Amino acid sequence: MNDKGATVRRCDGAKMRGCEGGCEVRTVTAPRTVTAPSHPRTLAPFDHGIALVIVMMTITLLTALGTALTLATITETAIAANYREATEVFYAAEAAAEFATQEIDAVADWSDVIFQSGQSAFVDGPAGGLRTVGAATLDLTDATRDVNAIAAGVPGTASGDWVLYAFGRFQDLVPSSPSRSQIYVTVWVADRSETPDDERSSPDALSILGQAYGARGSRRTVETIVAREGASPMHTRSWREWR
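Notes on the structure in this doc start here. Nothing here was measured: the structure is a model prediction, and the numbers come from that model.

Points about the overall build of the protein chain
Counting its secondary structure elements, the protein chain contains four helices and nine strands. For the protein chain, the sequential pattern of α-helices and β-strands runs β-β-α-α-β-β-α-β-α-β-β-β-β. Residues counted as buried form 32% of the 243 residues belonging to the protein chain. Here the contacts in the protein chain between residues at least 6 apart in sequence split such that 55% fall between residues at least 24 apart. For the protein chain, the accessible area works out to roughly 15900 Å², and carbon and sulfur atoms hold 56% of it.

Observations concerning helix H3 (residues 140-152)
Over its 13 residues, H3 runs 19 Å from end to end, which matches the ideal 18 Å to within 8%, given 1.5 Å per residue. Restricting attention to buried positions, one finds in H3 the residues Leu140, Ala143, Thr144, Val147 and Ala151. Buried residues in H3, looked at end-on, bunch into an arc of 100°, giving them a common side. Across H3 from its buried face, at more than 90 degrees, point the exposed residues Ala149 and Ala152. Of the surrounding secondary structure, the elements contacted by the buried residues of H3 are strand E3 (130-133), strand E4 (136-139), strand E5 (163-169), strand E6 (184-191), strand E7 (205-213) and strand E9 (235-242). A side-chain oxygen of the first residue of H3 lies 3.0 Å from the backbone nitrogen of Thr141; this N-cap is Asp139.

Some words on a nonpolar patch on the surface
Taken together, the side chains of Ile50, Val53, Ile54 and Met57 present a nonpolar region at the surface, about 380 Å² in accessible area. With respect to the helices and strands, Ile50 occurs in helix H1 (residues 50-105). For Ile50, a relative accessible area of 45% gives the class partly exposed.

Structural notes on the sheet that holds E5
The strand order E5-E6-E7-E8-E9 describes an open sheet built from five strands, whose pairing is antiparallel. The open sheet has two edge strands with one neighbour each: E5 and E9. Strand-to-strand, the axes of this sheet are offset by a mean angle of 15°, without reference to chain direction. Where H1 meets the sheet, its contacts fall on E5, E6, E7, strand E8 (219-227) and E9, and the angle it forms with E7 comes to roughly 145°. Against the sheet, H3 makes contact with E5, E6, E7 and E9, and its axis sits at roughly 50° relative to E6, the strand it touches most.

A look at the packing of aromatic side chains
Two descriptors summarise a pair of aromatic rings, namely the distance from one centre to the other and the angle between the planes of the rings. One pass over the structure, following the stated rule, counts four aromatic pairs. Between Phe90 and Trp239, the aromatic rings sit 6.4 Å apart at their centres with planes inclined by 90°, giving edge-to-face as the arrangement. Taken as a pair, Phe90 in helix H1 and Trp239 in strand E9 lie far apart in primary sequence, 149 residues in all. Geometrically, the ring pair formed by Phe99 and Phe122 is edge-to-face, given 6.1 Å between the ring centres and 80° between the ring planes.

Things to note about the pattern of salt bridges
Scanning all chains against the criterion turns up six salt bridges. A salt bridge links Arg220 to Glu241, with the nearest nitrogen and oxygen atoms 2.7 Å apart. Residue Arg220 is found in strand E8, and its partner Glu241 is found in strand E9; the two are separated by 21 residues along the sequence. The salt bridge involving Arg243 is made with Glu241; its shortest N-O contact spans 3.3 Å. With relative accessibility at 86%, the residue Arg243 sits in the exposed group. The network of salt bridges with common partners includes Arg192, Glu223 and Arg240.

Brief notes about the pairing of E8
Counted residue by residue, E8 has seven buried out of nine residues, so it is predominantly covered. Of the pairings in the sheet, the one linking E7 to E8 comprises nine bridges and is antiparallel in character. Looking across to E8, one finds that Ile208 is bridged to Thr224. The antiparallel pairing of E7 with E8 creates a hairpin that spans five residues between the two strands, and Gly217 there sits at a positive phi of about 100°. Sheet topology note: the E8/E9 ladder contains seven bridges and is antiparallel.

About the criteria used
- Residues numbered from 1 in each chain as written.
- Predicted model: local features only at pLDDT ≥ 70, side-chain atom pairs only at ≥ 80, totals over all residues.
- Heavy atoms only, no water.
- Helix = DSSP H or I, 4+ residues; strand = E, 2+ residues; numbered from the N terminus.
- Buried < 20%, exposed > 50% of the residue type's maximum accessible area, 1.4 Å probe, protein only.
- Contact = heavy atoms within 4.5 Å.
- Areas by Shrake-Rupley, 256 points an atom, 1.4 Å probe, with all protein chains shown as cover.
- Expected span 1.5 Å × (residues − 1).
- Arc of directions from axis to C-beta.
- Polar contact = N/O pair within 3.5 Å; in protein donor to acceptor, adjacent residues only side chain to side chain.
- Patch = residues over 30% accessible without salt bridge, like charges linked within 9 Å, V, L, I, M, F, W, Y side chains within 5 Å.
- Salt bridge = Lys/Arg side-chain N within 4 Å of Asp/Glu carboxyl O.
- Pairing = 2+ DSSP bridges.
- Axes fitted to C-alpha atoms, helices over the stretch in contact; angles between N-to-C directions.
- Phe/Tyr/Trp six-rings, centres within 6.5 Å; stacked < 30°, edge-to-face > 60°.

Here it is in structure tokens:
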């Protein structure tokens, strides 16, 4: 049987001869037979592992991309946290200096302020020793020594020794501050009068240095110079931030 089929004639009994005019002609198409190749196709040797290589390269690329995005997120978060703490520390230093300024304004003789440490009502112990600020340790004695060393090289600073006046945790100074705040503030004062070495007269000008320390290592320092002549009210001469 071929693919085109075969023609079958069927005649009734009365007209077997010649089948003229009485035959039924039908065409029967046989199903097409497809012969499979005797030898199946085989893959080349290098085709066996190419899919695995592509998958591994894709996974490596996605892993590297995910790692880069994670590191970028962590870095941005750390930068934002450091900036936020630096801003908080700056305002804490300014607040500590303002507190000391108001307190010193009520002192009649400023000689008592510059010749003895810890004269403020805001102190958390002896004017020296170690304090814990976050994961770091602050030595008040070393901090006072550092302030004197830095001031010696800053133009326009006080020529006398800086005395630690007030010190403590910022949340104790400002109870409304967040309880989680670990900022530590200190205030130093120094004589800025015309004759700072004359201990017999009361100074008529003082430098008030407010410094704050953050738990992440931030430190900001501001200086206010105040003056008072005779019975006149105290006034502020200048304000600046130490860099």
